[in-house]
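Structure at a glance
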Amino acid sequence: MRANQPRFSGLTSGHRACLGCGQALAARLVLEAAGPDVMIANATGCLEIFTTPWPESAWRVPWLHSLFENTGAVAAGMEAALKAQGKSTRVLAFGGDGGTFDIGFQALSGMLERGHEVLYVCFDNEAYMNTGIQRSSSTPHAAATTTSPAGRARMGKRHLKKDILSIIAAHHIPYAATASVAYPADVRKKVRRALALPGPSFLLVHSPCPLGWGHEGALSIEVARLAVETGLFPLVELERGSVVGVLPLREPKPVTEYLKLQGRFAHLFADDPRAREELAHLQALADANIERYGLRATAGGLDTESADTVRRGGGQWA
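Bear in mind the structure is a predicted one, so any value in this text is a computation, not a measurement. (Residues numbered from 1 in each chain as written. Predicted model: local features only at pLDDT ≥ 70, side-chain atom pairs only at ≥ 80, totals over all residues. Heavy atoms only, no water.)

A word on the overall build of the protein. On a plain count of helices and strands, the protein comes out with eleven helices and eight strands. Taking 20 Å as the expected radius of gyration for a compact globule of 318 residues, we find that the protein reaches 19 Å, a close match to that expectation. Burial statistics for the protein: of 318 residues in total, 55% are counted as buried. In the protein, the share of contacts with a sequence separation of at least 24, taken over all contacts with a separation of at least 6, comes to 70%. Of the roughly 13900 Å² of accessible surface on the protein, a fraction of 55% belongs to carbon and sulfur atoms. The protein carries 33 positive and 30 negative side-chain charges, and their two centres are separated by 2 Å. (Helix = DSSP H or I, 4+ residues; strand = E, 2+ residues; numbered from the N terminus. Rg over C-alpha atoms; globule rule 2.2 N^0.38 Å. Buried < 20%, exposed > 50% of the residue type's maximum accessible area, 1.4 Å probe, protein only. Contact = heavy atoms within 4.5 Å. Areas by Shrake-Rupley, 256 points an atom, 1.4 Å probe, with all protein chains shown as cover. Lys, Arg positive; Asp, Glu negative; His and termini not counted. Charge placed at Lys NZ, Arg CZ, Asp CG, Glu CD.)

Spelled out as C-alpha cells, the structure:
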C-alpha cells in the first residue's frame, strides 16, 4: 500500500523546462526526498526562470527568488528567522554552477562557516545555460562554449573544472556529497542523510543540459550515467571533510563513450593531434579520480551496475 502512494511533489509539472532537462528532474528528486515542510531560496538561473514565468509558479512549497550572488546569505537569514520563531521548517538553497562555483561562492562559504542549518543544492549543468551557454568554472576542460569556442587557437576551455567538493570539504561541514540524476535513489538517500544531520550540508547534482551539451533530450540519463561510469563525475560522500562512501564502478568505461554523445566535445574527434592529446588528458583526469576515491568495484555491495538507476524501457525507479 505504501509503495502505491504518490510521492510528494514540491515541483509540479507544466513548467517550461527544455525537453530532457536534468535540472528539472534533479529538483523534483530533491523535493520528493525533503518533503513538504521546507522553504527554498533559489538563485537566478534556469531553474528560477522556467518554473516561475509571471504570474505562474510550478512550486508547491514556499519559494524565494534570490540573486546569483546572495543565495547563501538569503538562505542563512531564512534559517535564522525560522529558528527565532521556534519553527522546525528546513531551508533549502538551490543554485546552478554559475551561482555556486563563481558568483555566489562568497555567500555560500559564509553560510557554511557560520554553521547555518541549510541544505545547499547545486544543480551542475557545467555552464551559464540561461544566458547563452557561457563557460563557468565548472565547465569541463576542453568543452566548447560560446566563450570558450573550439578552433585554431585552442580546443575548447583551457582550464580544469573547479574541484568545488574539495573546497566545500575544507569547511569541515557535517555532510557534502555528489549525486547524479541517473541514480535517483542515490539522490534521495543523500538528501535524507543531509537533512538528518545538524548543521549545513552541500549536495552537487550532475544535471545534463541537452541544449548546452549538444545531445538529444532523450539521452540525458544515458549521458549522466556515462559521466559516472567513466570516472569523470565520481559519486562520493564526505562527513567533516573525510570520504565516508563512494559508488564503485563495475567496469570503468573509456571517456570517449561519454564525450562522443555531446556536441560540446565534437572537436575532440577530428583528425587533429591536439584533439588526441586532449582526449588523453581527459582520460587521465578520469583515471586520477578513480584512483583518488578508490572507485574500482570489489565483490559484494552496490556499484554502478547494481545500484538503482534509470534505463529506457522499464528501469527501476525507487
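Right, picking up where we left off after that structure.
Counting 92 residues, the largest nonpolar core has Leu92, Phe94, Phe123, Ile168, Val191 and Phe202 as the members making the most contacts within it. Examining the composition of this core, we find that nine residues originate from one element, helix H1 (residues 22–34), more than from any other. In contact with Leu92, not counting residues within four places along its chain, are Val30, Leu31, Ala34, Val38, Met39, Ile40, Ala41, Val118, Leu119 and Leu195. (Core = buried A, V, L, I, M, F, W, Y, C linked by side-chain atoms within 4.5 Å.)

What follows covers helix H11 (residues 273–293). Relative to the 30 Å expected for 21 residues at 1.5 Å per residue, H11 spans 31 Å between its end C-alpha atoms, a close match to the ideal helical length. For H11, the set of buried residues is Ala275, Glu278, Leu279, Leu282, Ala286, Asn289, Ile290 and Tyr293. The buried side chains of H11 occupy one side of the element, clustering within an arc of 125° when seen end-on. The outward face of H11, more than 90 degrees from its buried face, is lined by the exposed residues Pro273, Glu277 and Glu291. (Expected span 1.5 Å × (residues − 1). Arc of directions from axis to C-beta.)

Between Trp54 and Pro55 the backbone carries a cis peptide bond, its omega angle lying at 5°. Here Pro55 shows up in the loop between helix H2 (46–51) and strand E2 (63–65). A positive phi angle, near 65°, is found at Ile133, a position not held by glycine. Checked against the element boundaries, Ile133 lands in the loop between strand E4 (118–124) and helix H6 (164–169). Judged by its relative accessible area of 18%, Ile133 is buried. We note that Ala142 has phi near 75°; this positive angle belongs to a residue other than glycine. Following the sequence through the fold, Ala142 ends up in the loop between E4 and H6.

To continue, consider the environment of Leu92. Take Leu92: it is sitting in strand E3 (residues 90–96). A relative accessible area of 0% means that Leu92 is categorised as buried. Considering only alpha carbons, one finds Leu92 and Val118, 26 residues apart in sequence, at a separation of 5.7 Å.

Below, the discussion takes up the confidence of the model for the protein. Of the residues in the protein, 95% have a pLDDT of 70 or more, and the chain-wide mean is 94. Long-range and interchain partners of residues 313–318, a stretch whose pLDDT sits below 50, account for 15 contacts in this model, where long-range means more than four residues apart. (pLDDT = per-residue confidence, 0-100.)

Here we have eight strands laid out as an open sheet, ordered E2-E1-E3-E4-E6-E5-E7-E8, and mixed in their pairing. Both edges of this open sheet fall to E2 and strand E8 (242–246), since each of them pairs with a single strand only. Adjacent strand axes in the sheet meet at a mean angle of 20°, parallel and antiparallel pairs treated alike. (Pairing = 2+ DSSP bridges. Axes fitted to C-alpha atoms, helices over the stretch in contact; angles between N-to-C directions.)

A separate point is helix H9 (residues 220–229). Residues spaced three or four apart along an α-helix face the same direction, because each turn holds 3.6 residues. Among the ten residues in H9, nine count as buried, and that is most of the element. Turning to H9, its buried residues are Ser220, Ile221, Val223, Ala224, Arg225, Leu226, Ala227, Val228 and Glu229. On its buried side, H9 packs onto H1, strand E5 (175–180), strand E6 (201–206), helix H8 (210–213) and helix H10 (255–259). Immediately beyond the C-terminal end of H9, within one or two residues, lies Gly231, with a positive phi of roughly 95°.

Turning next to the pairing of E8. Here four bridges tie strand E7 (residues 236–239) to E8, and the two strands are oriented antiparallel to one another. Counterpart to Val236 in the pairing with E8 is Val246. Connecting E7 to the antiparallel partner E8 that follows it, the hairpin turn spans two residues, and Arg240 within it adopts a positive phi of roughly 50°.

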